[in-house]
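Report on the structure
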Amino acid sequence: MTDNSSLLPVSTPIAHFLEFFCLFGAPANAQTNPPVQVIVNHGYALGFCPDRGQPLWAAYQVAAAVGDGDFERPEFFYDDPRLPEAWRIGTLGYGRVAGQTYDRGHMVPNFAINTQFGRVAQFETFFMSNIAPQRAGMNRGIWQRLEKQVIRAYAPERKQGRDIVGPVFGADPPPITRPHDQLGPVPEGSFPPLTAPASA
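Residues numbered from 1 in each chain as written. Predicted model: local features only at pLDDT ≥ 70, side-chain atom pairs only at ≥ 80, totals over all residues. Heavy atoms only, no water.

A closer look at the sheet that holds strand β5 (residues 95–97)
By way of backbone hydrogen bonds, the strands of a sheet pair with one another, either parallel or antiparallel. What counts, and what does not: Only when DSSP finds a minimum of two bridges between them are two strands counted as paired. Helical segments are the DSSP runs of H or I of at least four residues, strand segments are the runs of E of at least two, and each set is numbered from the N terminus. Axis lines are fitted through C-alpha atoms, for helices just across the contact stretch, and the angle between N-to-C directions can take any value from 0 to 180 degrees.
Read across the open sheet, the three strands follow the order β5-β6-β7; overall the sheet is antiparallel. The open sheet is flanked by β5 and β7 (131–135), the only strands paired with a single partner. Between one strand axis and the next, the sheet turns by 50 degrees as a mean value, whatever way the strands run. Sheet topology places strand β6 (residues 100–106) next to β7; five bridges connect them, and they run antiparallel.

Below you can see the structure in the form of structure tokens.
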């Protein structure tokens, strides 16, 4: 399959981490539009879509651990300084769209990266490049529980695993306005952590 994704140039120095997070390679983007920029972080990787102002997929690895680090949750979200200014969507919340309240939903969870990769990697989960609009009830309910179960239940059972998550879009998603008059589509849901063993 042809892959029309490209690596964000500033990710080049740590591009070797991509194989660590994506066991079978990064998801391919068969379409030329929308474009996808692969961003590699210290605890995860993602495919960011500038046209949609959010990731289309995000991948990370978890492992069983004897003990966890557990840093305080950062107070703020951050525009990703590695992105061109025109692609940055601002850090404000999403508010209400079509009668629903939407949160800034982490695709790669703060909790998993905090406990597995440390403080710097945790801060990277608060880049808006890792955020998608997510219904408040889902974000604060089942999604939050799933994020913790990946670490507390699945990783100890399987020793290691790699997860991939992302938004799911309907045929005609409602738009949301961001700074610079960008219009981003609102997902109708998110696909939950799809975990594969860390070794084939």
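Some details on the pattern of salt bridges
Going by this rule: Any carboxyl oxygen of Asp or Glu that lies within 4 Å of a side-chain nitrogen of Lys or Arg is treated as forming a salt bridge with it. Only protein chains enter the calculation, and the probe is 1.4 Å; a residue is then buried if its accessible area is under 20% of its type maximum, exposed if over 50%, and partly exposed in between.
Per the counting criterion, the structure on display carries two salt bridges. Residues D80 and R82 are paired through a salt bridge, measuring 2.8 Å at the closest nitrogen-oxygen approach. Of the residues examined, R82 reaches a relative accessible area of 22% and is grouped as partly exposed. The shortest N-O distance in the salt bridge between R140 and D103 comes to 2.7 Å. Of the two residues, R140 is situated in helix α4 (residues 136–140) and D103 in strand β6; the sequence distance between them amounts to 37 residues. Assessed through its relative accessible area of 55%, R140 is described here as exposed. In this structure D103 comes out as buried when scored by relative accessible area, which is 11%.

Digging into the packing of aromatic side chains
Note the threshold: Two rings belonging to Phe, Tyr or Trp (six-membered ring only in the last case) form a pair when the distance between their centres is within 6.5 Å. Interplanar angles under 30 degrees mark stacking, angles over 60 mark edge-to-face geometry, and anything in between is tilted. A ring is considered to have a charge above it if a Lys NZ or an Arg CZ atom is located within 6 Å of its centre and within 35 degrees of its normal.
Scanning the entire structure with this criterion turns up five aromatic pairs. A ring pair is formed by F21 and F117, whose centres lie 6.2 Å apart and whose planes are at 70 degrees; its orientation type is edge-to-face. You can see F21 sitting in helix α1 (residues 18–21) and its partner F117 sitting in helix α2 (residues 110–117), a full 96 residues away along the chain. We classify F21 as buried; its relative accessible area is 2%. An angle of 50 degrees between the planes, with centres 5.2 Å apart, marks the rings of F77 and F126 as tilted. Remark: F126 occurs in the loop between α3 (119–124) and β7 and F77 occurs in the loop between β4 (54–63) and β5; sequence separation between them is 49 residues. Residue placement shows R52 over the ring face of F169; its charged tip is 4.5 Å from the ring centre. When the ring centre of F20 is taken as reference, the NZ or CZ atom of R162 above it lies at 5.9 Å.

Observations concerning unusual backbone geometry
Phi at A98 is positive, roughly 50 degrees, even though this residue is not glycine. Positionally, A98 belongs in the loop between β5 and β6. Assessed through its relative accessible area of 72%, A98 is described here as exposed.

Quick notes on the side chain of S190
Rules: Throughout this description, a polar contact denotes any pair of N or O atoms lying within 3.5 Å of each other; where both atoms belong to protein, one of them has to be capable of donating a hydrogen while the other can accept it, and for residues adjacent in sequence the pair is counted only when both atoms sit in side chains. Contacts: residue pairs with any heavy atoms within 4.5 Å of one another.
Position of S190 relative to the elements: it lies in strand β11 (residues 189–197). Relative accessible area serves as the criterion here: at 14%, S190 is assigned to the buried category. Of the polar contacts made by the side chain of S190, one reaches the side chain of Q134; its length is 3.2 Å. Not counting chain neighbours up to four residues away, the residues in contact with S190 comprise M107, Q134, M138, W143, G166, P167 and V168.

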